[in-house]
Amino acid sequence: MTECLKLLVSTVIYLKDNSVHQLFHDTFKNFRVLLFYLVPAFLYCLYNNLAFINLAVFDPTTYYLLLQFRVVVTAVIFQILFKKHLSKKQWISLILLTCGCIIKQLKVSHPKTSVTESSDVEMSSFLKLHLNFNLMLILVQVFCSCFAGVYNEYLLKDTGAHVHLMIQNIFMYFDSILCNFLVLIFKGEIMNVFNVNVVSSALQPLIILVILNGSGCGIITSVFLKNLNSILKNFASALELVFTAVLCWIIFDISIDIFTILSIAIVSYATFMYSQNPVVNTVRADTKDENQENCV
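Computed from a prediction, not measured in an experiment: that's the story for all the values here. (Residues numbered from 1 in each chain as written. Predicted model: local features only at pLDDT ≥ 70, side-chain atom pairs only at ≥ 80, totals over all residues. Heavy atoms only, no water.)

## A word on the overall build of the chain
Which entries qualify depends on this criterion: Numbering of helices and strands runs from the N terminus; a helix is a DSSP stretch of H or I covering at least four residues, while a strand is a stretch of E covering at least two. Exposure is judged per residue with a 1.4 Å probe applied to protein chains only, and the accessible area is read against the type maximum: over 50% gives exposed, under 20% gives buried, and values in between give partly exposed. In this analysis, two residues are considered to be in contact whenever any of their non-hydrogen atoms come within 4.5 Å of each other.
A count of helical and extended segments in the chain gives 16 helices and 0 strands. Counting every position in the chain, which comprises 296 residues, the buried fraction comes to 36%. Sequence-distant contacts, at least 24 apart, represent 84% of the contacts inside the chain between residues at least 6 apart.

In structure tokens form, the structure reads like this:
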């Protein structure tokens, strides 16, 4: 439903200044770019499905801790796709950012009740059977997130830079809906989507707010990647730690522990260090000229 709303909003925004005929013309003219968007669409679809699988095995702290390696992986993929080399200062700021995010997830727990020997044996056997496999799955999830984000930026600024941003969004969300549709068919759950009970339960106010929020974030992210870059997006995501901690303290009266304070300090310093020497990645020059000619 979120992807469908993104597709609808992107189409409406495009039609505000263009005709339906132009929409179909641009779609068929750039059909090759539509096919390219199948790559990030499939990877995001895989990422979302792996999130449920991995959260069923890992506790939330371990799960989010492992996901923080997205920062470094994104930088490596960014260098390869855009053929740019990050400076030593940029790498230090990225590593500090990763450390800051990891520290936020560290918690010292003191269970009130002792665990029985039998439960220890069950947990040990469970870890032996599932830990290695799910560790591999979470690494796949990290790669999907990183490669999809950087490749999406690559399409926005290089291969598909000459295409209208909202047309690119339409391509992305159409391909995403297609991938999710195929996953539902593969899992044999396609008919459940059109079940009356499922649809009615999805129309609850809180779920609608989640859908609206997800749609807004998706479209804003495309604008962000078009004008900025994937690495800066990681810093923006990391700064969520600061705002989330403060808001949780104000709204839910959740105390800010030493790990959160240390994490906020490291993330803030990493952001300051990066701001002194940020990565610059603009739209390809020849596509700018082509866009100007099209406007004329």
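So, next bit.
## What about the pattern of salt bridges?
The line we're drawing: The term salt bridge refers to a pairing of a side-chain nitrogen on Lys or Arg with a carboxyl oxygen on Asp or Glu at a separation within 4 Å.
Within this structure, the stated rule accounts for 4 salt bridges. Close ionic contact of Lys6 with Glu3 constitutes a salt bridge, the shortest N to O distance being 3.2 Å. On the criterion of helical spacing, the pair formed by Lys6 and Glu3 is a turn pair, its members being 3 residues apart in helix H1 (residues 2-17). Residue Lys187 is joined to Glu189 by a salt bridge in which the shortest nitrogen-to-oxygen separation is 4.0 Å. Residue Glu189 is classed as partly exposed on the basis of its relative accessible area of 31%.

## Looking at the packing of aromatic side chains
The condition that has to hold: Ring geometry is summarised as follows: Phe, Tyr and Trp rings, the Trp one being its six-membered ring, pair when their centres sit within 6.5 Å, and such pairs are stacked at plane angles under 30 degrees, edge-to-face over 60 and tilted between the two.
Counting across every chain of the model gives 6 aromatic pairs. For the pair Phe147 and Tyr151, a centre-to-centre distance of 5.7 Å together with 10° between the ring planes defines the contact as stacked. Note that Phe147 and Tyr151 are positioned in helix H8 (residues 117-159) at a spacing of 4 residues, about one turn of the helix. Owing to a relative accessible area of 22%, Phe147 belongs among the partly exposed residues under this scheme. For Tyr151, a relative accessible area of 13% gives the class buried. Taking 6.1 Å as the distance between ring centres and 25° as the angle between the ring planes, the aromatic pair formed by Tyr151 and Tyr154 counts as stacked. Here Tyr151 pairs with Tyr154, and both are found in helix H8, just 3 residues apart, close to one helical turn.

## Things to note about the packing of helix H13 (residues 230-238) against helix H15 (residues 258-276)
In plain terms, the rule: Axis definition: a line fitted to C-alpha atoms, limited for helices to the stretch in contact. Angles are taken between N-to-C directions and run from 0 to 180 degrees. Any angle from 65 to 115 degrees is called roughly perpendicular, while one under 35 is roughly parallel, one over 145 is roughly antiparallel, and all others are oblique. Handedness of a crossing follows from how the near helix is turned relative to the far one, being left-handed for an anticlockwise turn of less than a right angle and right-handed for a clockwise one. Under the grouping applied here, Gly and all other residues not named as nonpolar or charged are polar, the nonpolar ones being Ala, Val, Leu, Ile, Met, Phe, Trp, Tyr, Cys and Pro and the charged ones Asp, Glu, Lys and Arg.
H15 packs onto H13 with a crossing angle of 150° between their chain directions and a minimal axis gap of 10 Å. Viewed along their axes, H13 and H15 adopt a mutual orientation that is roughly antiparallel. Relative to H15, the crossing made by H13 is left-handed. Residues Ile231, Leu232, Phe235 and Ala238 of H13 lie in contact with H15, whose contacting residues are Val267, Ala270, Thr271 and Tyr274. A per-class count over the contact of H13 with H15 returns 7 nonpolar, 1 polar and no charged.

## Structural notes on the packing of helix H14 (residues 240-251) against H15
Their axes nearest at 9 Å, the elements H14 and H15 cross at an angle of 145°. H14 and H15 meet at a crossing whose hand is left-handed. On the side of H14, the interface is formed by Leu241, Val242 and Ala245, while H15 contributes Thr260, Ser263, Ile264 and Val267. Residues that form the contact of H14 with H15 fall into these classes: 5 nonpolar, 2 polar and no charged.

## Overview of the environment of Leu50
Mapped onto the elements, Leu50 comes out in helix H4 (residues 38-55). Measuring from C-alpha to C-alpha, the distance between Leu50 and Val142 comes to 9.8 Å, with 92 residues separating the pair along the chain. Apart from residues no more than four positions distant in its own chain, Leu50 is found in contact with Leu137, Val140 and Gln141.

## Re the confidence of the model for the chain
Put simply, the rule reads: For every residue, the predictor assigns a confidence score, pLDDT, that lies between 0 and 100.
On average, residues of the chain score 83 in pLDDT, and 86% of them reach the 70 mark or higher. Throughout residues 108-119 the model reports pLDDT below 50, and contacts reaching past four residues in sequence, or to other chains, amount to 2 contacts.

## Looking at H14
One turn of the α-helix equals 3.6 residues, which is why residues spaced by three or four share an orientation. How we decide: A helix is expected to span 1.5 Å multiplied by its residue count minus one.
Over its 12 residues, H14 extends 16 Å from the first C-alpha to the last, a length consistent with the 16 Å expected when each residue adds 1.5 Å. Looking one or two residues past H14, Asp253 carries a phi angle of roughly 60°, positive in sign.

## Quick notes on unusual backbone geometry
Phi is positive for Lys83, close to 55°, though the residue is something other than glycine. Here Lys83 is to be found in the loop between helix H6 (70-82) and helix H7 (88-105).

## Looking at the nonpolar core
As a rule of thumb, soluble globular proteins bury nonpolar side chains together. Threshold: By nonpolar core is meant a set of buried Ala, Val, Leu, Ile, Met, Phe, Trp, Tyr and Cys residues that side-chain atoms within 4.5 Å join together.
Ranked by internal contacts, the top residues of the largest apolar core, which has 30 residues, are Phe78, Leu86, Leu94, Leu97, Ile231 and Phe235. Of all the secondary structure elements, the ones that give two or more residues to this core are H4, helix H5 (60-67), H6, H7, H8, H13 and H15. Element by element, the count of residues in this core is highest for H8, at 6 residues. The contacts of Leu86, once residues within four sequence positions are left out, are Ala75, Phe78, Gln79, Trp91, Leu94, Ile231 and Val279.

## Focus: the side chain of Thr11
We apply this condition: Two N or O atoms count as a polar contact when they lie within 3.5 Å, although within protein this holds only if one can serve as hydrogen donor and the other as acceptor, and sequence-adjacent residues are included solely when both atoms are side-chain atoms.
Note that Thr11 resides in helix H1. Within the local environment of Thr11, its side chain forms a polar contact with the backbone oxygen of Leu7, the two atoms lying 2.7 Å apart. Residues contacting Thr11, with those up to four places away along its chain left out, are Leu23 and Ile170.

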